[in-house]
Amino acid sequence: FDIEVLYEDEYLLVINKPSGVVVHPAPSVSGATVVDWLIKRGIRLSTISGEERHGIVHRIDKETTGALVIAKDNKTHEALSKQLQDKTMGRYYLALIDHPLKDDVIVDKPIARNPKNRLKMDIVEGGKSAKSAFIKLLNSPRDIELIAAKLYTGRTHQIRVHLKTLGRHILGDDLYGYKHKKAKIQRVFLHAYMLYLVHPATNEMLEIVAPLFDDMQEFCNRYFDENELNQKIDTIYIKNRFNQI
């Protein structure tokens, strides 16, 4: 497979990760990973997190698409990791859910591995702190809603788990309870839409938009007015909405 490069210079690389591609190799992973693609492309990468991680600064689930930043040297990796901790680097996500939210909302509930199902995470007393914000963007006549999400922490499956506590599920997310008898959606419609960070070498603020993949874009075009969709996924509009929550 190939991966779209959204930004690249001598210090870092930002890609638009496809669905179904795992980021790091592991004993349980079959098939090529993002790290395999990076190695084949011959990119000089950070080794600060170990050779198997190859410059990957933050995580993104196998099913999730969108912006992912990769450091090309250890100094850049250290700087970006620090930004991840102090929140000067982050991402805004877009998701399609099965029922509209009642209102814009912040969920602050701890997450840990589900004790009954090791494949899932859950709200667990004593788990790691987890905080997410969700804003409403567009409703369709069929109750499907396009929302945006912002993470204040970075737990595994955080958006999916916090939405489940609200009785909402991302379309295609069978693991956390989405069920639709008529239309089988092939993957989780969750996309890391915009990445922001301060460039470690230039101190310039970078905001990089990862275009929706064709399947999610076509789904949005089918259920929402195109002009209204473009207005609501404008990054300035999304940022202003989160500033108001």
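Check the entry above for the structure.
Residues numbered from 1 in each chain as written. Predicted model: local features only at pLDDT ≥ 70, side-chain atom pairs only at ≥ 80, totals over all residues. Heavy atoms only, no water.

Student: Give me helix H2 (residues 74-86): which residues, what numbers.
Tutor: Here H2 contains 13 residues, and its C-alpha end-to-end distance of 18 Å stays within 8% of the 18 Å for a straight helix at 1.5 Å per residue. Every buried residue of H2 is listed here: Thr-76, His-77, Leu-80 and Gln-83. Taken around the axis of H2, the buried residues stretch over an arc of 125°, which confines them to a single face. Facing away from the buried side of H2 by over 90 degrees, the exposed positions are Lys-75, Lys-82 and Gln-85. (Helix = DSSP H or I, 4+ residues; strand = E, 2+ residues; numbered from the N terminus. Expected span 1.5 Å × (residues − 1). Buried < 20%, exposed > 50% of the residue type's maximum accessible area, 1.4 Å probe, protein only. Arc of directions from axis to C-beta.)

Student: Talk me through the nonpolar core; I want residue IDs and the actual numbers.
Tutor: Formed by 56 residues in total, the largest nonpolar core has its most connected members in Val-34, Leu-38, Leu-94, Leu-96, Leu-146 and Ile-170. When residues in this core are grouped by element, the largest group, six residues, is from strand E4 (residues 90-97). Non-local contacts of Leu-146, meaning those with residues more than four positions away in its chain, are made with Leu-94, Ala-95, Leu-96, Lys-136, Leu-137, Leu-138, Phe-224, Leu-229 and Ile-233. Within the second largest apolar cluster, 13 residues are counted, among which are Leu-80, Met-89, Leu-195 and Ile-208. (Core = buried A, V, L, I, M, F, W, Y, C linked by side-chain atoms within 4.5 Å. Contact = heavy atoms within 4.5 Å.)

Student: Describe in detail the environment of Lys-131, supporting the description with residues and values.
Tutor: Tracing the backbone through its elements, the reader meets Lys-131 in strand E8 (residues 131-139). Overall, the relative accessible area of 30% leaves Lys-131 in the partly exposed class. Distance in space between the C-alpha atoms of Lys-131 and Ile-111 is 9.5 Å, their sequence separation being 20 residues. Setting aside its immediate chain neighbours within four residues, Lys-131 contacts Ile-106, Val-107, Asp-108, Lys-150, Leu-151, Tyr-152, Thr-153, Gln-158 and His-162.

Student: Could you give an account of the pairing of strand E11 (residues 205-209), with specific residues and numbers?
Tutor: What you see with E11 is a clean split: Leu-206 and Ile-208 sit on the buried side and Met-205, Glu-207 and Val-209 on the side with no burial. The sheet contact formed by strand E10 (residues 190-198) and E11 spans five bridges and is antiparallel. Looking at E11, one finds that Tyr-196 is bridged to Glu-207. (Pairing = 2+ DSSP bridges.)

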